[in-house]
Amino acid sequence: MNLIIRKLKEEDLLAVLEIAKQSFSMPWSLKSFREELLNPQSILKVAEFNGEIAGYIVLRKILDEAELLSIAVKPALRRKGIATELMRNLLDEIKNSVKSCFLEVRVSNIQAISFYEKMGFKKVGMRKKYYLLPEEDGIIMKLDLN
């Protein structure tokens, strides 16, 4: 597999936006991605598979913690290990600067929950009615990095 993980660049934004639209009922806007790209506390990466943007990951560091804000892979390229490589690459980058990483996931997103558990995240709480379209609770998950 010809997979490259690299920092997201401005010229990647339209491809990333399209992946978000294909992946989420309420995808991020171009403005949201741009704001994260300009935030010095944020890390944005893409996975290139055979020369095309196949997926992305967005994380924001807050002091000694981090929050995974978004991760997605093109539907046609899922279940090929791309999300795993994005996550491993990012966690390797932050492991010496943060103690723990948090995320929220829809209670109905069994595949994502299973993926996060495989990556070492544990369920630590709930956010009632956290998601819209459809309205749904969110599970808070945490990964301890040290």
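Please refer to the structure higher up on the page.
Below or above, wherever it landed, is the structure these notes cover. Just so it is clear, the model here is predicted, and its values are computed rather than measured.

How two aromatic rings sit relative to each other is given by the distance of their centres and the angle of their planes. Counted by the stated rule, this structure contains five aromatic pairs. Seen from their ring centres, phenylalanine 33 and tyrosine 56 are 5.4 Å apart, and the 85° between their planes marks the pair as edge-to-face. Here phenylalanine 33, found in helix α2 (residues 30-38), pairs with tyrosine 56, found in strand β3 (residues 52-62); they are 23 residues apart in sequence, far enough to count as distant. For the ring pair tyrosine 130 and tyrosine 131, a centre distance of 4.9 Å and an interplane angle of 90° mean the geometry is edge-to-face.

The next point concerns the pairing of strand β4 (residues 65-73). Here β3 pairs with β4 via eight bridges, running antiparallel. Pairing of valine 58 across the sheet is with serine 70, part of β4. What sits between the antiparallel neighbours β3 and β4 is a turn of two residues, in which leucine 63 has the positive phi angle 55°. Sheet topology places β4 next to strand β5 (residues 100-106); three bridges connect them, and they run parallel. Considered in β5, the bridge of alanine 66 is made with cysteine 101.

Here we come to the side chain of arginine 6. Its place among the elements puts arginine 6 in strand β1 (residues 3-7). Judged by relative accessible area, arginine 6 falls into the buried class, the value being 18%. A polar contact of 2.6 Å, which involves the side chain of arginine 6, links it to the side chain of glutamate 48. If near-sequence neighbours (up to four positions away) are discounted, arginine 6 is found in contact with Asp12, Leu44, Lys45, Val46, Glu48 and Ile53.

Rules used throughout
- Residues numbered from 1 in each chain as written.
- Predicted model: local features only at pLDDT ≥ 70, side-chain atom pairs only at ≥ 80, totals over all residues.
- Heavy atoms only, no water.
- Phe/Tyr/Trp six-rings, centres within 6.5 Å; stacked < 30°, edge-to-face > 60°.
- Helix = DSSP H or I, 4+ residues; strand = E, 2+ residues; numbered from the N terminus.
- Pairing = 2+ DSSP bridges.
- Buried < 20%, exposed > 50% of the residue type's maximum accessible area, 1.4 Å probe, protein only.
- Polar contact = N/O pair within 3.5 Å; in protein donor to acceptor, adjacent residues only side chain to side chain.
- Contact = heavy atoms within 4.5 Å.

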